[in-house]
Amino acid sequence: MDVQTRIGMPLDEFIREYDKAPFELVNGERIPVVPTVAIHGEIIRVLVMLLAKLNGIVFYTDTPFVRDEKSDRVRGSRVPDLMAYRVTRWTDYKNATPDWRERPFALIPDLCVEVVSKTDNYEDVDDKVAEYLQLGVSMVWVIKPRSEVITVHVAERVQRLTATDLLTGGDVLPGFSVPVADVFPKA
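Residues numbered from 1 in each chain as written. Predicted model: local features only at pLDDT ≥ 70, side-chain atom pairs only at ≥ 80, totals over all residues. Heavy atoms only, no water.

J.: Got a sec to walk through the overall build of the protein chain? Specific residues and values, please.
T.: Secondary structure assignment for the protein chain yields five helices and 14 strands. A compact globule built from 187 residues would reach a C-alpha radius of gyration of about 16 Å, and the protein chain, at 17 Å, matches this within 12%. Expressed along its principal axes, the backbone C-alpha trace of the protein chain runs to roughly 55 × 35 × 30 Å. The burial tally for the protein chain puts 42% of its 187 residues in the buried class. Considering only contacts in the protein chain between residues 6 or more positions apart, those separated by 24 or more positions represent 60%. In the structure as shown, the protein chain presents an accessible area of about 10,200 Å², 52% of it carried by carbon and sulfur atoms. (Helix = DSSP H or I, 4+ residues; strand = E, 2+ residues; numbered from the N terminus. Rg over C-alpha atoms; globule rule 2.2 N^0.38 Å. Buried < 20%, exposed > 50% of the residue type's maximum accessible area, 1.4 Å probe, protein only. Contact = heavy atoms within 4.5 Å. Areas by Shrake-Rupley, 256 points an atom, 1.4 Å probe, with all protein chains shown as cover.)

Structure (structure tokens):
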């Protein structure tokens with residue numbers, strides 16, 4: 001057995017262990033999913049309401065996505081705060097994966113959103129963004145509640161948005177456009 005096949009864990013074990021205590025699997029290490037604070041949940045709630053108007057599939061649960069599509073071995077997983085898929089990709093995935101209801105998402109999202117909490121380490125968030133893009137996520141939004149800044153990552157481009165800017169979905173979520181200020185709850 002080569003080293004690549006030993007990294008990670010069997011899918012059934014991953015699901016069983018994840019149900020006990022949510023975690024991300026990164027480079028063979030289990031990283032616990034840490035509880036968040038109210039502002040974090042409120043920003044996700046606002047984004048879900050804004051994104052629900054689009055023709056896209058949005059998830060904001062603690063269900064992870066795994067790197068290994070169609071595999072019974074999980075070599076890596078991540079749990080974004082919010083993830084979205086183009087409808088056609090999601091439909092194709094469900095049609096091609098009869099047991100999709102019984103597994104973590106085995107489809108790389110088109111959009112991942114990370115809301116930076118007080119418990120987050122900026123270096124860890126940067127590592128997540130880099131991994132998302134390396135895995136094929138088309139767009140990543142990093143939302144910083146304290147400074148009310150959203151950083152948009154698309155391939156080699158990074159854009160820093162503040163209250164007076166517009167957050168758009170680009171090619172990932174065509175037609176989505178909202179003032180950055182609308183993402184952050186008012187007092």
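J.: Go over the nonpolar core with me, naming the residues and quoting the values.
T.: Residues Phe14, Phe65, Tyr85, Trp90 and Phe105 are the most contacted members of the largest nonpolar core, which totals 28 residues. Only helix H2 (11-20), strand S2 (23-26), strand S5 (65-66), strand S8 (82-86), helix H4 (87-96), helix H5 (122-135) and strand S10 (139-144) provide two or more residues apiece to this core. Judged by nonpolar contacts, the second largest core, of 27 residues, contains Leu82, Val152, Leu161 and Leu167. (Core = buried A, V, L, I, M, F, W, Y, C linked by side-chain atoms within 4.5 Å.)

J.: Got a sec to walk through the packing of aromatic side chains? Specific residues and values, please.
T.: Throughout the structure, instances matching the rule amount to 13 aromatic pairs. Their ring planes at 80° and their centres at 5.6 Å tell us that Trp90 and Trp100 sit as a pair that is edge-to-face. Of this pair, Trp90 sits in helix H4 while Trp100 is found in the loop between H4 and strand S9 (111-115), placing the two residues ten residues apart along the sequence. Given the relative accessible area of 5%, Trp90 is considered buried. Grouped by ring-pair contacts, the aromatic residues Phe59, Tyr85, Trp90, Tyr93, Trp100 and Phe105 constitute a single cluster. Taking NZ or CZ as reference, Arg30 lies 5.0 Å from the ring centre of Phe23, over its face. (Phe/Tyr/Trp six-rings, centres within 6.5 Å; stacked < 30°, edge-to-face > 60°. Lys NZ or Arg CZ within 6 Å of the ring centre and 35° of its normal.)

J.: Could you give an account of the pairing of S8, naming the residues involved and the relevant values?
T.: Here S8 lies mainly inside the structure; four of its five residues are buried. Bridge count between S8 and S9: three bridges; the pairing is antiparallel. Note on S9: the bridge partner recorded for Ala84 is Leu111. (Pairing = 2+ DSSP bridges.)

J.: Can you break down the environment of Ser138 residue by residue, with the values?
T.: Among the secondary structure elements, Ser138 is positioned in the loop between H5 and S10. Sequence-distant contacts of Ser138, defined by excluding residues within four places in its chain, comprise Arg86, Pro109, Asp110, His153, Val154, Ala155 and Val172.

J.: Outline the pattern of salt bridges, listing residues and values.
T.: When their charged atoms lie close together, side chains carrying opposite charge are able to pair. For the coordinates displayed, the defined rule picks out ten salt bridges. Residues Glu17 and Lys20 are paired through a salt bridge, measuring 3.2 Å at the closest nitrogen-oxygen approach. Of this pair, Glu17 and Lys20 both sit in helix H2, separated by three residues, roughly a single helical turn. Look at Lys20 and you get exposed, because its relative accessible area is 62%. Counted as one network, the salt bridges with shared partners bring together Glu24, Arg78, Glu114, Lys128 and Glu131. (Salt bridge = Lys/Arg side-chain N within 4 Å of Asp/Glu carboxyl O.)

J.: Any chance you could break down the pairing of strand S3 (residues 29-32) for me, citing the residues and the numbers?
T.: Across four bridges, S2 lies against S3 in antiparallel orientation. Bridge pairing in S3 links Glu24 to Ile31. As consecutive antiparallel partners, S2 and S3 are separated by two residues, and within that stretch Asn27 has a phi angle of approximately 50°, a positive value.

J.: Outline unusual backbone geometry, listing residues and values.
T.: For Asn27, which is not a glycine, the phi torsion comes out positive at approximately 50°. Examined against the element boundaries, Asn27 turns out to sit in the loop between S2 and S3. A residue is classified by how much of its surface remains accessible, and Asn27, at 69% relative accessible area, is exposed. At Ala155, a residue that is not glycine, the phi angle is positive and equals roughly 50°. Within the secondary structure layout, Ala155 lies in the loop between strand S11 (149-154) and strand S12 (157-161).

Shape descriptors only; they carry no functional weight alone.
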